[in-house]
Amino acid sequence: MNTTFLKACKGEQTSHVPVWFMRQAGRYLPDYQRVRSKLNFLDLCKNPALCTEVTLQPVDIFHFDAAILFSDILVPMEAMGLPLEFHEGQGPVFPEPVRSQQAAEALRIPNPAEDMPFVLETIRLLRRELKVPLIGFAGAPFTLATYVIEGGSSRNFYATKSMMFQRPELYRLILDKITACTSSYLIAQAKAGAQALQLFDSWAGALAPCDYERFALPYVQSILADLRKHTDIPLIYFANHGATLLRHTSGLDADVLGIDWRIPLADAIRQVGPHAVQGNLDPLALFLPKTELEARIAAMLEDGKAARGYIFNLGHGVIPETDPDQVKIAVEAVHRFSSRSKQS
Ligand code: CP3
């Protein structure tokens with residue numbers, strides 16, 4: 001078992017810097033496209049055998065030091081009773097967005113074992129196959145709320161922010177329910193065998209820091225506190241566009257903070273407090289010529305030495321246009337440069 005990832009999460013010494021990529025399974029991989037061509041995305045998410053296969057693909061091909069469960073952050077929102085559709089080329093759509101007291105009250109708190117058994121089954125299948133740790137995940141409440149309140153992706157979050165400011169009690173009811181759902185979902189993933197858990201807060205950076213503190217942070221704190229009561233596996237919090245929020249997130253009871261690419265790694269490390277750090281190569285840097293990509297990775301590994309623990313990752317997900325050969329170059333560079341620098 002390769003435990004470098006788990007050790008780095010806890011700030012322990014490792015033989016090399018562990019690396020995994022957000023969205024490491026997905027459309028940039030021909031093997032994924034082959035599986036995906038047979039069924040739609042949500043049906044794929046509900047098929048444990050195929051989810052297992054696509055989770056393993058990037059680990060087998062590139063030798064990542066961790067696997068991330070193949071699923072989507074919106075799966076539990078469907079289990080809360082909201083019809084969910086993924087439209088080709090458009091992303092997720094909730095045809096019945098939650099904008100009224102009645103719709104909020106109708107949201108149910110799912111029982112993960114009954115309502116999302118396929119996720120837990122995928123975790124159990126993966127643990128039999130994997131020789132690297134398995135990361136489970138969920139969306140953070142604010143990010144999930146933007147999808148269910150807007151009805152899909154959004155540019156300026158008008159529906160969410162206007163609800164936050166004009167109907168705070170309704171906003172809080174929705175967030176409380178999403179928070180309860182997320183806690184029990186992540187606890188169920190840990191019980192099924194997930195060895196670390198990541199909360200994705202993809203839209204946190206759209207909030208002014210004062211609003212983040214009131215309308216997003218407390219729900220993250222509540223989930224982390226709940227998880228600490230039930231499991232001792234590493235907890236990772238990733239706020240995309242989160243550099244402006246580090247003053248708040250550096251106080252979170254997570255083991256690892258994920259960092260996006262808009263801040264120099266060294267600056268982020270100075271601000272993260274007692275956390276290990278995960279990140280933060282620009283996903284588009286995978287389009288650099290090989291020597292420049294490698295130089296950038298070498299510089300990040302140098303900066304990463306100052307962290308309590310360092311996990312190499314992108315600053316957000318791999319984009320579908322990425323050349324798999326460039327991913328290979330990046331993973332190999334992390335492994336080669338970091339084991340060499342440990343000897344010197
Ligand atoms: O490899 C992995 O990272 C594991 C699988 C994973 C997916 N989505 C698969 C996926 C994970 C961890 C996610 C998280 C997720 N989903 C987030 C948080 C991370 C982030 O990107 O900010 C968000 C915001 C979503 C919601 C979501 N899912 C959107 C907006 C989209 C459409 C955009 C797109 O990339 O197509 C999805 C679809 C999705 N999720 C795909 C995959 C592989 C593409 C689906 C396809 O095959 O057509």
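The structure we're discussing is the one just above.
Residues numbered from 1 in each chain as written. Predicted model: local features only at pLDDT ≥ 70, side-chain atom pairs only at ≥ 80, totals over all residues. Heavy atoms only, no water.

Chemist: Please set out the site of the ligand residue by residue, giving values where relevant.
Modeler: Near the ligand, the surroundings consist of 22 residues, among which R27, Y32, D72, S202 and H316 are the closest. Here an oxygen atom of the ligand sits 3.0 Å away from a polar atom, N or O, in the main chain of A25. Side-chain polar atom of R36 to an oxygen atom of the ligand: 2.7 Å apart, as the coordinates give it. In the complex, the protein chains occlude 88% of the 860 Å² of accessible area that the ligand would expose alone. Because more than half of its atoms lie within 2 Å of the grid, the ligand is assigned to the largest pocket. Those elements that place two or more of their residues in the shell around the ligand are α2 (30-36) and β3 (91-93). Looking at the shell around the ligand residue by residue, the class counts come to 13 nonpolar, five polar and four charged. (Near = heavy atom within 4 Å. Polar contact = N/O pair within 3.5 Å; in protein donor to acceptor, adjacent residues only side chain to side chain. Areas by Shrake-Rupley, 256 points an atom, 1.4 Å probe, with all protein chains shown as cover. 1 Å grid on protein atoms, 1.4 Å probe; cavity = no way out; pocket = protein on both sides within 12 Å on 5 of 7 lines; lining within 4 Å. Sits in = over half its atoms within 2 Å of the grid points. Helix = DSSP H or I, 4+ residues; strand = E, 2+ residues; numbered from the N terminus. Nonpolar A, V, L, I, M, F, W, Y, C, P; charged D, E, K, R; others polar.)

Chemist: Please set out the sheet that holds strand β7 (residues 256-259) residue by residue, giving values where relevant.
Modeler: Ordered in space as β1-β4-β5-β6-β7-β8-β9, the seven strands form an open sheet in which the pairing is parallel. In this open sheet, the two edge strands, each paired with only one partner strand, are β1 (67-68) and β9 (310-314). Relative to strand β8 (residues 276-281), β7 is paired through four bridges, and the arrangement is parallel. When the sheet's bridge partners are listed, L257 is paired in β8 with V277. Contacts from helix α13 (residues 217-230) reach β5 (196-201) and β6 (235-239), with the element oriented near 175 degrees to β5. Contacting β8 and β9, helix α16 (residues 290-304) runs over the sheet at an angle of about 145 degrees to β9. (Pairing = 2+ DSSP bridges. Contact = heavy atoms within 4.5 Å. Axes fitted to C-alpha atoms, helices over the stretch in contact; angles between N-to-C directions.)

Chemist: Which residues make up the layout of surface pockets, and what values go with them?
Modeler: Size it by volume and the largest pocket reaches roughly 1400 Å³. The wall of the largest pocket is formed by 42 residues, among which R23, R27, F41, D72 and F86 lie closest to the centre. Going through the elements one at a time, α2, α3 (41-45), β2 (85-87) and β3 are the ones with two or more residues in the lining of the largest pocket. Its residues assigned to classes, the lining of the largest pocket comprises 23 nonpolar, 13 polar and six charged. (Points joined across faces, edges and corners; volume = space filled by probe spheres on them.)

Chemist: So what about the packing of helix α10 (residues 158-166) against helix α11 (residues 168-192)? Which residues, and what values?
Modeler: α11 packs onto α10 with a crossing angle of 115 degrees between their chain directions and a minimal axis gap of 5 Å. Across from T160, M163, M164, F165 and Q166 in α10, the residues of α11 making contact are P168, L170, Y171 and I174. Partitioned by chemical class, the residues of the contact of α10 with α11 number seven nonpolar, two polar and no charged.

Chemist: Give me the lowdown on α10, citing residues and values where you can.
Modeler: Of all the positions in α10, only A159, T160, S162, M163 and M164 are classed as buried. Packed against the buried residues of α10 are α9 (141-150), α11 and α12 (209-215). (Buried < 20%, exposed > 50% of the residue type's maximum accessible area, 1.4 Å probe, protein only.)

Chemist: Describe the packing of helix α4 (residues 48-62) against helix α8 (residues 117-129), and please don't skip the residues or the numbers.
Modeler: Between α4 and α8, whose axes approach to 9 Å, the crossing angle comes to 50 degrees. One way to sum up the angle between α4 and α8 is to call them oblique. Of the two possible hands of crossing, α4 and α8 adopt the one that is right-handed. The segment α4 lies against α8, with P48, A49, C51, T52, T55 and L56 engaging F118, E121, T122, L125, L126 and E129. Considering only residue class, the contact of α4 with α8 consists of seven nonpolar, three polar and two charged. (Parallel < 35°, antiparallel > 145°, perpendicular 65-115°, else oblique. Left-handed = near helix turned anticlockwise from the far one by under 90°.)

Chemist: How would you sum up empty space enclosed by the protein? Please name residues and give values.
Modeler: Tallying each qualifying case throughout the model produces two cavities of 30 Å³ or more. Lining of the largest cavity is provided by Y237, A239, G242, A243, L246, T249, L257, G258, I259, D260 and I263. Those elements giving two or more residues to the lining of the largest cavity turn out to be β6, α14 (246-249) and β7. Considering only enclosed or pocket space, the second largest cavity measures out at about 30 Å³ in volume. In terms of lining, the second largest cavity is formed by L186, L197, Q198, L199, L224, L227, L235 and I236. Among the elements of the structure, β5, α13 and β6 are those that each provide at least two residues to the lining of the second largest cavity. The element best represented in the lining of the second largest cavity is β5, accounting for three residues. Here the lining of the second largest cavity is built from residues that sort into seven nonpolar, one polar and no charged.

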